[in-house]
Amino acid sequence: QVQLVESGGGLVQPGGSLRLSCVASGSIFSINGMGWYRQAPGKQRELVASITSAGSTNYADSVKGRFTISRDSAKDTVYLQMNSLKPEDTAVYYCKLDLLSRYGVRYAVWGQGTQVTVSS
C-alpha cells in the first residue's frame with residue numbers, strides 16, 4: 001500500500017511564495033507520473049501541474065510562469081514551488097501519483113490535501 005504525505009500549505013499574502021512537498025512511502029514498484037491538483041470551494045478539482053518519469057512537465061495556463069513542479073526520484077517526492085501567489089490560487093492542493101504495480105497494473109493514489117490560502 002502506498003501513502004502520500006503533503007506539507008507546505010498555509011496562509012500567505014498576495015505576491016508571496018509557498019513550496020508544497022509530497023512524499024510517497026510504502027510498496028512502490030514504479031512511479032509513472034506525479035502531479036498536483038487543486039480544488040477551490042464550489043469548484044471542480046483541476047490539474048495544476050504534472051511531471052512524467054522522464055521529467056516532462058505540464059502546467060495549467062493559470063499558473064504558467066509562476067509555479068514550478070519538480071521531483072526527487074530518489075526520495076519519491078514531488079514539489080510544487082508557487083510564486084507570485086494570487087487570491088484565486090486559494091484552494092486545497094492535492095498530490096497524485098500514477099503508479100505501476102509489479103503485475104503491470106496501473107493505478108493512482110491521492111494525498112489528503114493541504115490548504116493554501118492567499119489573502120491580505
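Topic: the overall build of the protein chain
Per the secondary structure count, the protein chain includes zero helices and eleven strands. When the elements of the protein chain are put in sequence order from the N terminus, they spell out β-β-β-β-β-β-β-β-β-β-β. A compact globule built from 120 residues should have a C-alpha radius of gyration of about 14 Å, and the protein chain, at 14 Å, falls within 12% of that. Taken along its principal axes, the extent of the C-alpha atoms in the protein chain is 50 × 25 × 25 Å. Looking at the protein chain residue by residue over its 120 residues, the buried ones come to 39%. Partitioning the intrachain contacts of the protein chain with sequence separation of at least 6 by distance along the chain shows that 55% fall at a separation of at least 24. Counting only carbon and sulfur atoms, one obtains 47% of the accessible surface of the protein chain, whose full area is about 6400 Å². Across the protein chain, the centroid of the 12 positively charged side chains sits 2 Å from that of the 8 negatively charged ones.

Here we look at the pattern of salt bridges
Tallied over the full model, the rule gives five salt bridges. Of the charged contacts, one joins Asp-89 and Arg-38 as a salt bridge, the two residues approaching to 3.0 Å between their closest N and O atoms. Note that Asp-89 is positioned in the loop between strand 8 (77-82) and strand 9 (91-100) and Arg-38 in strand 4 (residues 30-39), a separation of 51 residues in sequence. Each member of the pair, Asp-89 as well as Arg-38, is classed as buried. Through salt bridges with shared partners, a single network forms among Arg-38, Glu-46, Arg-66 and Asp-89.

Focus: the state of the cysteines
Evaluated as defined, the whole model comprises one disulfide. The disulfide partner of Cys-22 is Cys-95, and the gap between their sulfur atoms is 2.2 Å. One disulfide, between Cys-22 and Cys-95, carries an S-S torsion of -80 degrees and so falls in the left-handed class. Of this pair, Cys-22 sits in strand 3 (residues 18-26) while Cys-95 sits in strand 9; the two residues are 73 residues apart in sequence, bridging distant segments of the chain.

Cut-offs applied
- Each chain carries its own residue numbering, running from 1 in the written order of its sequence.
- It should be noted that, the model being predicted, local features are given only for residues of pLDDT at least 70 and side-chain atom pairs only at 80 or more, the latter also being counted only at that level, while totals for whole chains, interfaces and linings use all residues.
- The side-chain figures draw on all heavy atoms in the structure; neither hydrogens nor water molecules are used.
- Numbering of helices and strands starts at the N terminus; helices are DSSP runs of H or I of at least 4 residues and strands are runs of E of at least 2.
- To get the radius of gyration, use the C-alpha atoms; to get the globule rule, take the number of residues to the power 0.38 and multiply by 2.2 Å.
- Note on exposure labels: buried denotes an accessible area under 20% of the residue type's maximum, exposed denotes more than 50%, and partly exposed covers the range between, all computed with a 1.4 Å probe on protein chains only.
- Note on contacts: a residue pair is in contact if any heavy atoms of the two residues lie within 4.5 Å.
- Each accessible area is a Shrake-Rupley result for a 1.4 Å probe, and residues are judged covered by the shown protein chains and nothing else.
- His residues and chain termini do not enter the charge count, which takes Lys and Arg as positive and Asp and Glu as negative.
- Note that the charge is assigned to NZ on lysines, CZ on arginines, CG on aspartates and CD on glutamates.
- Basic side-chain nitrogens of Lys or Arg form a salt bridge, by our definition, when they fall within 4 Å of a carboxyl oxygen of Asp or Glu.
- Cysteine sulfur atoms are paired as a disulfide whenever they come within 2.5 Å of each other.

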